[in-house]
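Structural overview
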Amino acid sequence: MEEKENQEPLINEIEEVKEELKEEEKKIKELEEKVSKLEQVARFANQRYVELQREFELFKERYRRDMEEQRKYGYEKFALEMLEVVDNFERAFDSVSESHTPILQGFQLIYRELKRILEKYGIKEIQIEGKEFDPYLAEAVEKEYNPDVPPNTVIRVVRKGYMLHERVLRPAKVVVSVQEEEIT
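Residues numbered from 1 in each chain as written. Predicted model: local features only at pLDDT ≥ 70, side-chain atom pairs only at ≥ 80, totals over all residues. Heavy atoms only, no water.

Overall, antiparallel pairing links the three strands, which are arranged β1-β4-β5 in an open sheet. In this open sheet, the two strands that pair with only one neighbour each are β1 (123-125) and β5 (167-170). Mean inter-strand twist for the sheet, computed between neighbouring axes without regard to direction, equals 40 degrees. Lying over the sheet, helix α2 (residues 76-95) contacts β1, β4 (162-164) and β5, oriented at roughly 55 degrees with respect to β5. (Pairing = 2+ DSSP bridges. Helix = DSSP H or I, 4+ residues; strand = E, 2+ residues; numbered from the N terminus. Axes fitted to C-alpha atoms, helices over the stretch in contact; angles between N-to-C directions. Contact = heavy atoms within 4.5 Å.)

Within the secondary structure layout, Arg-170 lies in strand β5. Residue classification places Arg-170 among the buried positions, given a relative accessible area of 4%. A sequence separation of eleven residues divides Arg-170 from Arg-159, and the C-alpha atoms of the two residues are 9.7 Å apart. Ignoring anything within four residues of it in the chain, the contact list for Arg-170 reads Leu-80, Leu-83, Glu-84, Asp-87, Ile-126, Arg-159, Lys-160, Gly-161 and Tyr-162. Of note is the side chain of Arg-170, whose polar atom sits 2.7 Å from the side chain of Asp-87. (Buried < 20%, exposed > 50% of the residue type's maximum accessible area, 1.4 Å probe, protein only. Polar contact = N/O pair within 3.5 Å; in protein donor to acceptor, adjacent residues only side chain to side chain.)

Attention now goes to helix α3 (residues 101-120). The end-to-end C-alpha separation of α3 is 28 Å, in line with the 28 Å expected for 20 residues at 1.5 Å each. Those residues of α3 not exposed but buried are Leu-104, Tyr-111, Leu-114, Lys-115 and Leu-118. Taken end-on, α3 shows its buried residues confined to a sector of 100 degrees, consistent with a single buried face. Away from its buried face, by an angle of more than 90 degrees, α3 presents the exposed residues Pro-102, Leu-109 and Lys-120. With its phi angle positive at about 85 degrees, Gly-122 sits one or two positions after the end of α3. (Expected span 1.5 Å × (residues − 1). Arc of directions from axis to C-beta.)

A few words now on the nonpolar core. One finds Leu-83, Val-86, Leu-118, Ile-123 and Leu-169 to be the most contacted residues of the largest nonpolar core, which totals 14 residues. Tallying contributions element by element places α2 first for this core, with five residues. Counting residues in hydrophobic clusters, the runner-up holds nine residues, among them Ile-128, Ala-138, Met-163 and Val-174. (Core = buried A, V, L, I, M, F, W, Y, C linked by side-chain atoms within 4.5 Å.)

Our next topic: unusual backbone geometry. For Asn-152, which is not glycine, the phi dihedral falls at a positive 65 degrees. Relative to the helices and strands, Asn-152 resides in the loop between β2 (138-145) and β3 (154-159). The backbone of His-165 shows a phi angle near 60 degrees, a positive value even though the residue is not glycine. As for its position among the elements, His-165 is in the loop between β4 and β5.

Let's shift gears to the sheet that holds strand β6 (residues 172-178). Strand order across the open sheet formed by three strands is β2-β6-β3, with mixed pairing between neighbours. At either margin of the open sheet sits one strand with a lone partner, and together these are β2 and β3. Each neighbouring strand pair of the sheet contributes to a mean axis angle of 30 degrees, computed without reference to strand direction.

Written as structure tokens, this is what we have:
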């Protein structure tokens, strides 16, 4: 009996250790679940970080392109107004007689300098006369029959058109040839 009594505290102690072990296993399981959840959160955060980094790079590229476009085309309204000055020079040259040669030469120098400055900034005249009519480059303001020119060809430029780099700044106004039967 004594042996049984000696074993009872041992059994109780073993039971307590087993209970503690079960509690520790339960805590370990809970901690493993927390670690698993934290790993999942870390993966999601890392994935989100990579996505945001990619979006940021795309944003930087778009911003760079927008700035480049702004640099290239930002003075479009100013250029259009300067073209009015060019047009006025050309109208003046058409109306001045040769008797005003010294004055005319001075104005021609100013005109050439103005055209050079415009070209420096990418503003160039559209050379369209004698070419096939392109509605993206010109506006047909008149139709005319001309047997020497194929139909749909620009016969004459009424108002010059200009490009700003590779974009139409101002379309030309032109007279386009048509077939004889199209004239009404």
